[in-house]
Amino acid sequence: MAADLKARPRPVGATAVLGRTGFPHVTSATKGELDIVTGASQPGFNPLDLLYASLSACLVLSARIAASQMGMLDRITEITADVTGEKASEGPSRVQTFNIAFSIKGDLDEETRMKIAHAAEEICTVSNTIRGAPEFSTVISG
C-alpha cells in the first residue's frame with residue numbers, strides 16, 4: 001500500500017522594517033532574519049542582490065528537480081547558477097537583462113546539461129514570475 005505523501009505547505013512572505021535612519025531589517029514568515037546593506041563596499045545583500053539570489057537559488061533547486069525527473073541526478077556532483085543583471089538605461093528603474101551562468105558538474109554531456117538548464121528555467125517559480133506580469137495588490141495603513 002502506497003503511503004499518501006503530502007508536502008506541508010511552507011509559510012511564505014517577508015516583512016521589511018525601516019526607521020527614519022539605518023537600513024531595512026527583513027524577517028521571513030518562518031522567522032529567518034536578514035539585514036539589508038546599501039553601501040558599495042558593505043558585505044551583505046541589497047534589494048537587487050536578493051532578487052538575483054532568489055533567481056539563482058530557485059534555478060539550482062529546479063535544476064536538481066529536472067535532473068531527478070530525467071533520471072540523471074545520481075550523475076551530478078554540483079549545480080551552480082551565477083546570476084547578475086543589467087539595468088535598463090531608459091524607462092522605469094528595473095533589470096532589463098538577467099545574465100545566468102549555469103555550471104552542472106558531473107558525468108553528463110553538453111546536450112544533457114542544456115536540457116537540465118532549460119527545464120530548470122521552466123520549473124522555477126521565480127523565473128516564471130519574472131517572465132510573467134504579476135499583479136500587485138497593495139494595502140496602505142498608518
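Notes on the structure follow. (Residues numbered from 1 in each chain as written. Predicted model: local features only at pLDDT ≥ 70, side-chain atom pairs only at ≥ 80, totals over all residues. Heavy atoms only, no water.)

Quick look at the packing of aromatic side chains now. With the rule as written, the count across this model stands at one aromatic pair. Where Tyr 52 meets Phe 98, the ring centres are 6.1 Å apart and the plane angle is 85 degrees; that geometry is what we call edge-to-face. One end of the pair, Tyr 52, is in helix α1 (residues 47-69); the other, Phe 98, is in strand β5 (residues 95-106), and 46 residues separate them in sequence. Residue Tyr 52 is classed as buried on the basis of its relative accessible area, which comes to 12%. By relative accessible area, which is 24% here, Phe 98 ends up partly exposed. (Phe/Tyr/Trp six-rings, centres within 6.5 Å; stacked < 30°, edge-to-face > 60°. Helix = DSSP H or I, 4+ residues; strand = E, 2+ residues; numbered from the N terminus. Buried < 20%, exposed > 50% of the residue type's maximum accessible area, 1.4 Å probe, protein only.)

Now for the layout of surface pockets. The calculated volume of the largest pocket comes to roughly 750 Å³. As for the largest pocket, its lining consists of 28 residues, of which Arg 10, Ala 53, Ser 54, Ala 57 and Val 126 are closest to the centre. Secondary structure elements with two or more residues in the lining of the largest pocket: β2 (25-28), β3 (33-35), α1 and α3 (125-131). The biggest single contributor to the lining of the largest pocket is α1, with ten residues. Residues that form the lining of the largest pocket fall into these classes: 18 nonpolar, eight polar and two charged. Empty space within the second largest pocket amounts to approximately 250 Å³. In this structure, the second largest pocket is lined by Leu 48, Leu 51, Val 95, Phe 98, Val 126, Thr 129, Ile 130, Pro 134, Glu 135 and Phe 136. At the level of elements, α1, β5 and α3 are the ones that each hand at least two residues to the lining of the second largest pocket. Residue contributions to the lining of the second largest pocket peak at three residues, all from α3. (1 Å grid on protein atoms, 1.4 Å probe; cavity = no way out; pocket = protein on both sides within 12 Å on 5 of 7 lines; lining within 4 Å. Points joined across faces, edges and corners; volume = space filled by probe spheres on them. Nonpolar A, V, L, I, M, F, W, Y, C, P; charged D, E, K, R; others polar.)

Fair warning: the whole summary comes from geometry, so function is off the table for now.
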